[in-house]
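# A look at the structure
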Amino acid sequence: MIEYKNAKLPFERGFRAAENFNPYSDERVANVVRKFFDSFFYIEAYQRKRPVKYIYILEWPKGDIFSRKMLQNKIAKFLPFRFQQQEKLSPLLIEEFRVVSIDEWNTMYADIPISRCDDDKVE
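Summarised in this report is the structure supplied together with it. (Residues numbered from 1 in each chain as written. Predicted model: local features only at pLDDT ≥ 70, side-chain atom pairs only at ≥ 80, totals over all residues. Heavy atoms only, no water.)

## Description of helix H2 (residues 65-76)
Compared with the 16 Å implied by 1.5 Å per residue over twelve residues, the 16 Å span of H2 between its first and last C-alpha is a close match. For H2, every residue scored as buried is listed here: Ser67, Arg68, Leu71, Gln72 and Ile75. Down the axis of H2, the buried set is contained in an arc of 140°. They therefore lie on one face. Residues of H2 that are exposed and angled more than 90 degrees away from the buried face: Ile65, Phe66 and Met70. (Helix = DSSP H or I, 4+ residues; strand = E, 2+ residues; numbered from the N terminus. Expected span 1.5 Å × (residues − 1). Buried < 20%, exposed > 50% of the residue type's maximum accessible area, 1.4 Å probe, protein only. Arc of directions from axis to C-beta.)

This is how it looks when you write it as C-alpha cells:
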C-alpha cells in the first residue's frame, strides 16, 4: 500500500501554505492510520496473497530523514504491530511501515521510480 502526500506546493498558485503543514498533528496521524485500516479491509476482501507493506511517501518543506523517522515511529504506534505480536497472527496484518521521501523511494524501488509532477506542465 502506498500513500503520497506533497506539501511542497507553491504559494503563488493559491494552494494552502506548505509552511503550515504539520504531519505530526493528531488529525493528520489519525488520517494516515485510518487509510491503512480502510485499505486493509478492502485488501482482505480480495484474499491477499502477500504481506502488507505500507509506505507513506511524504514531501514537505521541513522534512528530512530524521523528521520522517520520528513521524514513522509516531504513526506505527497506532498500527497493529503490537497486537499481531501478542496474538501471534499468521499471516501478519502488517509487515512493514515506512515514511520516505521520493528520493528514498527511488533508492528502495529503483525498478519503479516516481517523480514529482510539475503543475505548469499538467494538461
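The discussion continues.
## Focus on the sheet that holds strand E2 (residues 53-59)
As summarised here, the arrangement of the three strands in space is E1-E2-E3, forming an open sheet in which the pairing is parallel. The strands lining the two open edges of the sheet, one partner per strand, are strand E1 (2-6) and strand E3 (96-100). Ignoring strand direction, the axes of neighbouring strands in this sheet form an average angle of 10°. Note that E2 and E3 share five bridges and pair parallel. Note on E3: the bridge partner recorded for tyrosine 56 is valine 99. Helix H1 (residues 26-45) contacts E1 and E2 of the sheet and is inclined by roughly 145° relative to E2. Those strands touched by H2 are E2 and E3, and its axis lies near 145° from that of E3. (Pairing = 2+ DSSP bridges. Axes fitted to C-alpha atoms, helices over the stretch in contact; angles between N-to-C directions. Contact = heavy atoms within 4.5 Å.)

## A short note on the packing of aromatic side chains
Across all of its chains, the model carries seven aromatic pairs by this definition. Relative to phenylalanine 37, the ring of phenylalanine 36 lies with its centre 5.0 Å away and its plane at 75°, an arrangement referred to as edge-to-face. Given the relative accessible area of 0%, phenylalanine 36 is considered buried. Looking at phenylalanine 37, the relative accessible area reads 29%, which means it is partly exposed. Summarising the aromatic geometry, the rings of tyrosine 54 and phenylalanine 97 are spaced 5.3 Å apart at their centres and angled 55° between planes, so their arrangement reads as tilted. Of this pair, tyrosine 54 sits in strand E2 while phenylalanine 97 sits in strand E3, placing them 43 residues apart in sequence. Judged by its relative accessible area of 2%, tyrosine 54 falls in the buried class. (Phe/Tyr/Trp six-rings, centres within 6.5 Å; stacked < 30°, edge-to-face > 60°.)

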